[in-house]
Amino acid sequence: MAELNIYDLIYDITRQIPRGRVTSYGAIARCIGTGGSARLVGWAMNACHTLKNVPAHRVVNRNGLLTGKHHFATPTLMQELLEKEGVKVIDDQIQDFDKVFWDPMTLI
DNA sequence: ATTCTGACGTGGG
DNA sequence: CCCCACGCCAGAA
């Protein structure tokens, strides 16, 4: 009972990402304990895409590259949202990634 | 049931 | 420096 599925866990973490901050799939994967299954995070994002209140645009790969922007309503929506929150994105690459990077472990 | 791919990450050559 | 292969879990064909 009350077994938090991997998805719920990912959603919960992703939802708690502060505005103007971003994180990586692998960071979340490690936080939940899936370890190297960073792909699951991305897959969960896809599932969350149909849901709501999950800022998937704040989750990028470890390079800080907007690899999943094509999964949004529009390929530019992800960048638009990020820039709107104060995150500079140039050529699908987050600028100052180290500065805007938010570690989910901070919750723990 | 098996096989492949996928919004990733790490390691090796 | 760049390219390739492996590992991870889940879903679709």
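Residues numbered from 1 in each chain as written. Chains lettered and ligands numbered in written order. Predicted model: local features only at pLDDT ≥ 70, side-chain atom pairs only at ≥ 80, totals over all residues. Heavy atoms only, no water.

Draft legend 1. How the structure looks around the overall build of chain A. Within chain A one finds five helices and four strands. For chain A, the sequential pattern of α-helices and β-strands runs α-β-α-α-β-α-β-β-α. Here the C-alpha atoms of chain A give a radius of gyration of 13 Å, agreeing with the 13 Å that 2.2 N^0.38 yields for 108 residues. Projected onto its principal axes, the C-alpha positions of chain A cover 45 × 25 × 20 Å. A total of about 6500 Å² of accessible surface is found on chain A, and carbon and sulfur atoms cover 52% of it. Each charge class in chain A was averaged separately, 12 positive and 11 negative side chains, and the resulting centres sit 1 Å apart. (Helix = DSSP H or I, 4+ residues; strand = E, 2+ residues; numbered from the N terminus. Rg over C-alpha atoms; globule rule 2.2 N^0.38 Å. Areas by Shrake-Rupley, 256 points an atom, 1.4 Å probe, with all protein chains shown as cover. Lys, Arg positive; Asp, Glu negative; His and termini not counted. Charge placed at Lys NZ, Arg CZ, Asp CG, Glu CD.)

Draft legend 2. Looking closely at the side chain of S24. Mapped onto the elements of the fold, S24 is located in strand β1 (residues 23-24). The contacts of S24, once residues within four sequence positions are left out, are V59, V60, N61, R62 and F101. (Contact = heavy atoms within 4.5 Å.)

Draft legend 3. Molecular detail of the protein's contact with DNA strand B. Near DNA strand B you find 17 residues, and of these Y25, R39, M45, R62 and H71 are the closest. The sugar-phosphate portion of DNA strand B accounts for 51% of its atoms within 4 Å of the protein, the bases making up the rest. Take R62: an N or O atom from its main chain is 2.8 Å from a phosphate oxygen of DNA strand B. Side-chain polar atom of H71 to a phosphate oxygen of DNA strand B: 3.0 Å apart, as the coordinates give it. The biggest single contributor to the surface near DNA strand B is helix α3 (residues 38-50), with six residues. Tallied by class, residues from the surface near DNA strand B come to five nonpolar, nine polar and three charged. (Near = heavy atom within 4 Å. Polar contact = N/O pair within 3.5 Å; in protein donor to acceptor, adjacent residues only side chain to side chain. Nonpolar A, V, L, I, M, F, W, Y, C, P; charged D, E, K, R; others polar.)

Draft legend 4. Region of interest: the pattern of salt bridges. Within this structure, the stated rule accounts for three salt bridges. The salt bridge partner of K69 is D92, with a shortest N-O separation of 2.8 Å. In this pair, K69 is assigned in the loop between β2 (59-60) and α4 (77-84) and D92 in the loop between β3 (89-90) and β4 (93-94), connecting sequence segments 23 residues apart. For the salt bridge of K99 with D96, the shortest nitrogen-to-oxygen distance reads 3.8 Å. Residue classification places K99 among the exposed positions, given a relative accessible area of 61%. We classify D96 as partly exposed; its relative accessible area is 45%. (Salt bridge = Lys/Arg side-chain N within 4 Å of Asp/Glu carboxyl O. Buried < 20%, exposed > 50% of the residue type's maximum accessible area, 1.4 Å probe, protein only.)

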